[in-house]
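# Structural overview
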Amino acid sequence: MAKFDPKTKYDIVPDMINIEDFNRYPEEFVVRPPYQRKTVWSRRKQQDLLDSLFRRFYVPRIVLREVRLSDDRAVKEVIDGQQRITTVQNFFADKLPLPNSLNDLNPKLPGRRYSQLPVDVRKFVNRLSYQADIVKGIADPMNPAHQEVATEIFWRLQQGESLNYMEEAHSKLSSLVRNFVVKYADDQRFNYDKYEPIDKNQDKHNFFVLLKRKNDRMQHLALLVRFLLIEKETRIVDIRNADVVEYIESEIQQDGIGNYDLEEKVYAKHVLQNLNLFYDIFKDDPSVQNGDPIPELRIEYFIMSVYLLLRHLRTYYVFDKTEEELFRDFVVTFHERWSNARQTDRDILLFSNSRQQSAGEIEVRDRIIRQAFFEFADQHNHKMLTKDRRRAFNEAERIKIYRRDEGLCQVCLAENKPEKEAQVSWSEYQADHVIPHAKGGATDIANAQLLCRYHNQQKGARLPTS
Ligand SMILES: [Zn+2]
């Protein structure tokens, strides 16, 4: 009978790494892999490690994965041991003094930094090493299967630290949804071309600075997935945790690692437009000006309902500066009513009791907040104008306008240009809304005029939303 010998997915090669190497050749080590988040040990914890090193106590083995960047270039990715490595790097960089606990070993040690140590002690430090296990055979950074195994090893080493649903989904490196939400909602990213972590993500959307809501357990990423889900279905759907995970997994692609194609989709663009508008509305708020979030935007289900209201309004109604101000005032007023809910305020009680992320409960909240908004608009004597749902003139209308205006640019004529110069050929001609569509102008030939390309562009520059 043949020997029982299950096939392995990778090999482990034991090694010893001089701790000085982490300081002298930092580029050889990728301290934070793409599936991992940045964590920082307290100074106390870092000094405890220095204490152990100086006493030559046992320090657990670090786990490194060999990652091959090209035929002659490889790096070691830190699957486990991020803090043990950054601690010694900090020590060599003189950022970390030795702890008082080392007093009994030698009274000259406490408080000293690396460069302040006598030569013999520095020599001792330079000879210290970490025991390491090197993972080999899963070295291709663009191979989803290899990244998956590395992620799996990482998880299994996170003893006792349970990851939540979003943290687990975050490590699906080949999901296009995952990549989109990391780009626009995470604090940190990863550069696959250079194969190195980016600690500050410059692409994170400003919308998130408005929220009085932490991102330590990836709350911002989860919120953005929920926005995407609704936009993708163009209606309110279930956006519970399980739906978030299912959606992220449904967009896993073979060439998904480092792939940002999702942002080309119309629904993803709509989400970003909603976030842009949301940010524009609140960016001048005194809190934001002081670098603080908006106190009203703290609870996820409340944020979700406010977001959905804005999305609805900008889709169906004329939404300009006046409406933006009205909206901002409404959010503050509605929040006040919500946080001081009286037993007699049945709508608000219903709103608060429907805080789940199921389609049914979101719709209940949506109706209540919308009704409240339109009542608020009435109280402020503001009439919300509906947009004509159809934006473009159809072929028959375009012909009618061209014939009615006799192929002449109406602005050129108004500028007293001779007819010869105002003449616009059919292929050059633009049918223009006199009252812009975004301002409630109807798509109707009574609200149309013929423009030359030049005047159409000029109008477009002045009124970007026409
Ligand atoms: Zn013209």
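Cut-offs used in this document
- Residues numbered from 1 in each chain as written.
- Predicted model: local features only at pLDDT ≥ 70, side-chain atom pairs only at ≥ 80, totals over all residues.
- Helix = DSSP H or I, 4+ residues; strand = E, 2+ residues; numbered from the N terminus.
- Rg over C-alpha atoms; globule rule 2.2 N^0.38 Å.
- Buried ≥ 20, exposed ≤ 12 C-beta atoms within 10 Å, placed from the backbone.
- Contact = placed C-beta atoms within 7 Å.
- Pairing = 2+ DSSP bridges.
- Axes fitted to C-alpha atoms, helices over the stretch in contact; angles between N-to-C directions.
- Parallel < 35°, antiparallel > 145°, perpendicular 65-115°, else oblique.
- Nonpolar A, V, L, I, M, F, W, Y, C, P; charged D, E, K, R; others polar.
- Left-handed = near helix turned anticlockwise from the far one by under 90°.
- Domains from an automatic or database assignment.
- Core = buried A, V, L, I, M, F, W, Y, C linked by C-beta atoms within 7 Å.
- Expected span 1.5 Å × (residues − 1).
- Arc of directions from axis to C-beta.

Looking now at the overall build of the protein. Each helix and strand counted, the protein has 19 helices and nine strands in total. Radius of gyration (C-alpha) of the protein: 30 Å, far over the 23 Å computed for a compact globule of 466 residues. Taking the principal axes of the C-alpha coordinates as reference, the protein spans close to 95 × 65 × 60 Å. Burial statistics for the protein: of 466 residues in total, 31% are counted as buried.

Residue position: Val-411 is located in helix α17 (residues 410–414). Residues Val-411 and Asn-353 lie 58 residues apart in sequence; the distance between their C-alpha atoms is 57 Å. Residues in contact with Val-411, not counting those within four places in the same chain, are Leu-451 and His-455.

Moving on, we get to the sheet that holds strand β5 (residues 129–136). Reading across from one edge, β1-β5-β3-β4-β2 is the order of the five strands in this open sheet, with mixed pairing throughout. Looking at the sheet topology across the chains shown, the edges are occupied by β1 (11–18) and β2 (29–30). Taken together, the eight bridges between β1 and β5 define a ladder with antiparallel strand orientation. Across the sheet, Asp-11 pairs through a bridge with Lys-136, a residue of β5. Here helix α5 (residues 144–157) sits on the sheet and contacts β3 (62–70), β4 (73–80) and β5; the angle it forms with β4, its principal contact strand, is near 30°.

Close contact between helix α2 (residues 43–54) and helix α3 (residues 82–92) brings their axes to 10 Å; oriented N to C, the two are set at 85°. By the angle between their directions, the pair α2 and α3 is classed as roughly perpendicular. Contacts from Gln-46, Leu-49 and Leu-50 in α2 reach Arg-84, Thr-87, Asn-90 and Phe-91 in α3. Residues that form the contact of α2 with α3 fall into these classes: three nonpolar, three polar and one charged.

Across the interface, helix α12 (residues 300–316) lies against helix α15 (residues 359–379) with an axial gap of 9 Å and an inter-helix angle of 60°. Taken together, the axes of α12 and α15 are oblique relative to one another. Handedness of the α12/α15 crossing: right-handed. Contact residues: α12 offers Met-304, Ser-305, Leu-308, Leu-309 and His-312, while α15 offers Ile-362, Arg-365, Asp-366, Ile-369, Arg-370 and Phe-373. Residue composition of the contact of α12 with α15, grouped by class: six nonpolar, two polar and three charged.

Attention now moves to the domain arrangement of the protein. The domain architecture assigned to the protein consists of domain 1 (11–162), domain 2 (176–379) and domain 3 (395–462). For domain 2 versus domain 3, the separation of C-alpha centres amounts to 38 Å.

Let's shift gears to the nonpolar core. The biggest cluster of nonpolar side chains holds 56 residues, and the ones touching the most others in it are Val-177, Val-181, Leu-221, Leu-224 and Val-225. For this core, the secondary-structure elements that each account for two or more residues are α6 (165–170), α7 (176–185), α8 (219–233), α9 (241–250), α10 (266–282), α12, α13 (321–339) and α15. Setting aside residues no more than four positions away along its own chain, Leu-221 makes contact with Met-166, His-170, Val-181, Val-182, Ala-185 and Asp-186. Counting residues in each nonpolar core, the second largest holds 29 residues, with Val-30, Val-78, Ile-85 and Ile-257 among its members.

Moving on: the environment of Gln-82. In this structure, Gln-82 sits in helix α3. For Gln-82, a count of 20 C-beta atoms within 10 Å corresponds to the buried category. In this structure the C-alpha to C-alpha distance between Gln-82 and Glu-375, which are 293 residues apart in sequence, comes to 55 Å. Sequence-distant contacts of Gln-82, defined by excluding residues within four places in its chain, comprise Val-31, Arg-32 and Thr-39.

Residue pairs spaced three or four apart in an α-helix point in one direction, given the helix's 3.6 residues per turn. The end-to-end C-alpha separation of α2 is 16 Å, in line with the 16 Å expected for 12 residues at 1.5 Å each. If you check which residues of α2 are buried, you get Gln-46, Gln-47, Leu-50 and Leu-53. The buried side chains of α2 occupy one side of the element, clustering within an arc of 110° when seen end-on. The exposed set on the far side of α2, more than 90 degrees from its buried face, consists of Arg-44 and Lys-45. Positive backbone phi, approximately 55°, marks Arg-56, located one or two places after α2.

Moving on: the pairing of β3. Regular strands have side chains that alternate between both faces of the sheet. For β3 and β5, the ladder comprises four bridges, and the chain directions are parallel. The partner of Val-63 across the bridge, within β5, is Asp-133. In the sheet, β3 pairs with β4 via seven bridges, with the strands oriented antiparallel. Considered in β4, the bridge of Arg-65 is made with Glu-77. The antiparallel pairing of β3 with β4 creates a hairpin that spans two residues between the two strands.

Take the environment of Ser-352 next. Locating Ser-352 in the fold gives a position in helix α14 (residues 346–353). Put simply, Ser-352 and Ala-341 are 11 residues apart on the chain and 8.9 Å apart in space, counted from C-alpha to C-alpha. With residues up to four places along the chain from it excluded, the contact list for Ser-352 reads Trp-338 and Ala-341.

For the rest of this paragraph, the subject is unusual backbone geometry. Unlike most non-glycine residues, Tyr-195 shows phi in positive territory, near 50°. Here Tyr-195 lies in the loop between β6 (189–191) and β7 (196–198). The class for Tyr-195 is partly exposed, based on 18 C-beta atoms found within 10 Å. The phi angle at Glu-406 is positive, at roughly 55°, despite the residue not being glycine. For Glu-406, a count of 11 C-beta atoms within 10 Å gives the class exposed.

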